[in-house]
Amino acid sequence: VTSVAAELTAYLAETRAEIDEVLDRLLPPADAPPARLHQAMRHSVFAGGKRLRPILCLAAAETLGGPREAVREPAAGLEMIHTYSLVHDDLPALDDDRLRRGQPTCHVVFGEATAILAGDALLTHGLTVLGTRPAGDAWASARGRAFEAVAVAIGTGGMIGGQVEDLEAENSHASEEQVARIHENKTGRLIRASLAVGAHLSRADAATLARLDEYGRAIGLAFQIKDDLLDVEGSAAELGKSSGKDAASGKATFPAVWGVDRSRAILRDTLAQAIEAARGLPHGGGRLPELARFVGERSR
Ligand code: IPE
Ligand code: IPE
Ligand code: MG
Ligand code: MG
Ligand code: MG
């Protein structure tokens, strides 16, 4: 068990380094004008982050036999979009957080106006990467499908819709259905789309896409249930972001609606569904089953 865990830890670290190299290459240099904005973008991207969305994208492609060189850059685009969502999520008008990835949040360091624009720029840049990479006409249709999957996932019927409902549900006695919907939208949809990007760029057929999407739906929901549990159980030092804040803000979370023990049980069941779906993919899902276990066991 220990060697399996060590092996996964090494894989995660290697893939993270690979993604970070691509991010550094694709993001505008810190000294290029508007330099302060580029510094703000880089501050949030390189503060440290698990890079889970690009890792899932690459792992899906690995499982389905997609060429890694083609997937790396779009995977980095996903991380830019995810980082935009964090920069805006932390703004005073939203969750009002001062710590993220172990660093002061973008607006604390650069001011609110720059943080808003840095978020806008990370979103735009991420979409530009997804719309243009991998380059060349041979990729046009797969690239178009990958782009569409992401664009739809982060819109008002997905991530933004979930963020809106998350804010509206504060202090409101959310129902079980509502908290599941919020989580699937605000967090689950981008995770699902990350897997879809890997699959489209591997030219997966419809049945494989559907199976992978089942995995994605489950791991996306599980990821946010675990995030809620970590907010209850973790410390800011471990998490690199505030803890105990969801209850203080009256957020609609799994622990608030179901209690901690029941939330843990739902997390276990949801991850079991993810693992079962992954096992039906080629090569038993490759890394995907162990990545599901990682989501449940992570401590940050
Ligand atoms: C945090 O995401 C925000 C959620 C969607 C729950 P991560 O836990 O993936 O944050 P980083 O990227 O590792 O910082
Ligand atoms: C964030 O959910 C979801 C998005 C950023 C889209 P949370 O508000 O729970 O994330 P943390 O806990 O601040 O990372
Ligand atoms: Mg939030
Ligand atoms: Mg938040
Ligand atoms: Mg949270």
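Treat the numbers as computed from the prediction; the structure is a model and nothing was measured.

Colleague: Would you mind showing me how to read the coordination of the magnesium ion (ligand 3) here?
Modeller: Think of it this way: four donors in a tetrahedron around the metal ideally sit 109.5 degrees apart, and six in an octahedron ideally sit 90 or 180 degrees apart. On the protein side, the magnesium ion (ligand 3) has Asp89 (OD) and Asp95 (OD) as donor atoms, found 2.1 to 2.2 Å from it. Here the magnesium ion (ligand 3) and the magnesium ion (ligand 4) are spaced 3.1 Å apart, and both take aspartate 89 as a donor. The exposure classification of aspartate 89 matches that of aspartate 95, with both residues buried.

Colleague: Can you help me understand the site of ligand 2 in this one?
Modeller: Taken together, the neighbourhood of ligand 2 is formed by Ser85, Asp89, Asp95, Arg100, Met159, Gln163, Lys186, Thr187, Gln224, Asp227 and Lys241. The side chain of aspartate 95 places a nitrogen or oxygen atom 2.7 Å from an oxygen atom of ligand 2. Within the side chain of arginine 100, a nitrogen or oxygen atom sits 2.7 Å from an oxygen atom of ligand 2. Here ligand 2 loses 91% of its free accessible area of 390 Å² to cover by the protein chains. Of all the secondary-structure elements, those providing two or more residues to the shell around ligand 2 are helix H4 (68-89), helix H8 (159-168), helix H9 (176-200) and helix H10 (206-233).

Colleague: Help me understand the pattern of salt bridges in this model?
Modeller: Opposite charge on two side chains lets them pair, provided their charged atoms get close. Summed over all chains, the structure comprises 26 salt bridges. With its nearest N and O atoms 2.8 Å apart, the salt bridge here joins arginine 101 to glutamate 79. Here arginine 101, found in the loop between strand E1 (99-100) and strand E2 (103-104), pairs with glutamate 79, found in helix H4; they are 22 residues apart in sequence, far enough to count as distant. For the residue pair arginine 101 and glutamate 79, the accessibility class agrees, reading buried in each case. Between arginine 181 and glutamate 165 there is a salt bridge; the shortest N-O distance is 2.5 Å. A residue pair is termed long-range when its members are at least 10 positions apart, and arginine 181 in helix H9 and glutamate 165 in helix H8 qualify at 16 residues. If you follow the salt bridges from partner to partner, you end up with Asp95, Asp166, Glu170, Lys186 and Lys251 in one network.

How each quantity is defined
- Residues numbered from 1 in each chain as written.
- Chains lettered and ligands numbered in written order.
- Predicted model: local features only at pLDDT ≥ 70, side-chain atom pairs only at ≥ 80, totals over all residues.
- Heavy atoms only, no water.
- Donors = N, O, S within 2.8 Å, 3.2 Å for Na, K, Ca; no water.
- Buried < 20%, exposed > 50% of the residue type's maximum accessible area, 1.4 Å probe, protein only.
- Near = heavy atom within 4 Å.
- Polar contact = N/O pair within 3.5 Å; in protein donor to acceptor, adjacent residues only side chain to side chain.
- Areas by Shrake-Rupley, 256 points an atom, 1.4 Å probe, with all protein chains shown as cover.
- Helix = DSSP H or I, 4+ residues; strand = E, 2+ residues; numbered from the N terminus.
- Salt bridge = Lys/Arg side-chain N within 4 Å of Asp/Glu carboxyl O.

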